[in-house]
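Structure assessment
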Amino acid sequence: MSAGNRIYLRRPTDAEPLLEAFRCLPAAVVADCMSRLPALSSEISLKTAPRQPVMCGLAVTVKARSGDNLMLHKALDMAGRNDVIILSNEGDRSQSLMGEVMATYAKQRGMEGIVLDGPVRDIEGLSRMDFPIYAAGHTPGGPFKDGPGEINVPIACGKIHVSPGDIVLGDADGVIVIPRQDAARILEAAQAYLIVDEQNFELAKTGALERSWLAETLRSKQVEIIDDVFR
């Protein structure tokens, strides 16, 4: 087996029954139920204009060499309904990994969306496209197509670990990754938290939001509060 230059055609799909429920949840709410640690780097942001506000699917992971999209092309032919392609690019920002032609092809394949730890190009066209693509900027420089690379192996994208078959959830705020082994427990916690969050939003509009936690936290952190001007 050629480690670093291989494609796994299969990955776990046991989290698929939970996708519809996660689509009803804001990424921020789910992230709060995961110790606020599952979000990809804010550098990776939405570059298109999808009508559906939430992207949610199972990870098809791609590990690419810097500036190379050979394995991304192969992943486009593998992914379909309920899939999100998520790609690690070794942090490279010099070459775009895809443009409008590849994005159009991906959309007609019926997949949920694409997340790239690297730039895109054809941003004018992409910015009008009804298909979720998250990327780290844009540049006219095109990609190489030489490899090596891997598909459906563990990767790190946007400083977050992603395993094949994990749930990838994205909205206007950005993208989070939900480990498939913990997905059912996280879903239950997030659904309960959403109710509280919506109640707090209504209280905030009337000024009745409970704020006693702030004074208690400042006191527990031994913050000195001085009734005077700084001298």
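Residues numbered from 1 in each chain as written. Predicted model: local features only at pLDDT ≥ 70, side-chain atom pairs only at ≥ 80, totals over all residues. Heavy atoms only, no water.

Focus: the overall build of the protein chain
Stated formally: Here a strand is any run of E in DSSP of at least two residues, a helix any run of H or I of at least four, and the numbering for each starts at the N terminus. For the exposure calls, accessible area comes from a 1.4 Å probe over protein chains only, and a residue counts as buried if that area is under 20% of its type's maximum, exposed if over 50%, partly exposed in between. The contact criterion used throughout is that any non-hydrogen atoms of two residues lie within 4.5 Å. Throughout, the Shrake-Rupley method with a 1.4 Å probe supplies accessible areas, and for residues the shown protein chains are the sole cover considered. Charge convention: Lys and Arg are scored as positive, Asp and Glu as negative, and His as well as the terminal groups of each chain are ignored. A single reference atom marks each charge: NZ on Lys, CZ on Arg, CG on Asp, CD on Glu.
If you tally the helices and strands in the protein chain, you get 7 helices and 11 strands. Structurally, the protein chain occupies a C-alpha span of about 65 × 50 × 40 Å along its principal axes. Counting across all 231 residues of the protein chain, residues that qualify as buried make up 45%. At a minimum sequence separation of 6, the contacts of the protein chain that also span at least 24 residues come to 77%. Carbon and sulfur atoms make up 53% of the accessible area of the protein chain, which amounts to about 12400 Å² in all. Across the protein chain, the centroid of the 25 positively charged side chains sits 4 Å from that of the 31 negatively charged ones.

Considerations on the nonpolar core
Across soluble globular proteins, nonpolar side chains show a tendency to be buried alongside one another. Here is the rule we go by: The set of buried Ala, Val, Leu, Ile, Met, Phe, Trp, Tyr and Cys residues whose side-chain atoms join them within 4.5 Å is what this entry labels a nonpolar core.
By size, the foremost hydrophobic cluster in this structure holds 25 residues, and its most contacted members are Leu72, Ile85, Met98, Met111, Ile114, Leu116 and Ile133. For this core, the leading source of residues is helix H3 (residues 70-78), giving 4 residues. Leaving out residues up to four positions away in the same chain, Met111 has contacts with Leu76, Ala79, Gly80, Arg81, Asp83, Ile85, Ala106 and Phe131. Counting 21 residues, the second-largest nonpolar core is a separate cluster that includes Ala15, Val54, Ile167 and Ala190.

A few points about the environment of Ile123
Within the element layout of this structure, Ile123 appears in helix H5 (residues 123-126). The exposure class assigned to Ile123 is partly exposed, which follows from its relative accessible area of 28%. For Ile123 and Gly110, which are 13 residues apart along the polypeptide, the C-alpha to C-alpha distance reads 21 Å. Excluding its chain neighbours within four sequence positions, the residues that come into contact with Ile123 are Lys47 and His138.

Regarding the UniProt feature "binding site: substrate" (unreviewed entry) in the protein chain
To be explicit about the condition: UniProt positions are given in the numbering used here, feature names are shortened, and annotations may be inferred rather than shown by experiment.
UniProt records the feature "binding site: substrate" (unreviewed entry) at Gly99, Glu100, Val101, Met102 and Arg121, using the numbering of this structure. Annotated residues spanning 23 residues; largest pairwise C-alpha distance 10.5 Å, indicating a single compact cluster. Summarising the element assignment, Gly99 is placed in the loop between strand E4 (83-88) and helix H4 (100-109). For Gly99, a relative accessible area of 8% translates into the label buried. Not counting residues within four places of it along the chain, the set of residues in contact with Gly99 comprises Arg121, Asp122 and Leu126. Mapped onto the fold, Val101 is located in helix H4.

Side note on the UniProt feature "binding site: Mg(2+)" (unreviewed entry) in the protein chain
Counted only if it meets this: The term polar contact refers here to a pair of N or O atoms within 3.5 Å; inside protein, the definition further demands a hydrogen-donor-capable atom paired with an acceptor-capable atom, and it admits residues adjacent in sequence only when both atoms are side-chain atoms.
When the UniProt feature table is mapped to this numbering, "binding site: Mg(2+)" (unreviewed entry) covers Asp122. For Asp122, a relative accessible area of 37% corresponds to the partly exposed category. Excluding residues that lie within four positions of it along the chain, Asp122 makes contacts with Gly99 and Glu100. A distance of 2.9 Å separates a polar atom in the side chain of Asp122 from the backbone nitrogen of Glu100.

Concerning the side chain of Ser96
Inspection of the secondary structure assignment puts Ser96 in the loop between E4 and H4. Classification of Ser96 as buried rests on a relative accessible area of 0%. Excluding residues within four positions of it along the chain, Ser96 makes contact with Pro119, Val120, Arg121, Thr139, Gly141, Gly142 and Pro143.

Observations regarding the pattern of salt bridges
What counts here: For this analysis, a salt bridge means a side-chain nitrogen from Lys or Arg found within 4 Å of a carboxyl oxygen belonging to Asp or Glu.
For the coordinates displayed, the defined rule picks out 14 salt bridges. Across the salt bridge formed by Arg23 and Glu112, the nearest N and O atoms sit 2.9 Å from each other. In this pair, Arg23 is assigned in the loop between helix H1 (19-22) and helix H2 (27-32) and Glu112 in the loop between H4 and strand E5 (113-116), connecting sequence segments 89 residues apart. Of the two residues, Arg23 and Glu112, both sit in the buried class. Salt-bridge contacts for Asp130 lead to Arg51; the nearest nitrogen and oxygen are separated by 2.6 Å. Of this pair, Asp130 sits in the loop between H5 and strand E6 (133-135) while Arg51 sits in the loop between strand E2 (45-46) and strand E3 (55-64); the two residues are 79 residues apart in sequence, bridging distant segments of the chain. The network of salt bridges with common partners includes Glu20, Arg23 and Glu112.

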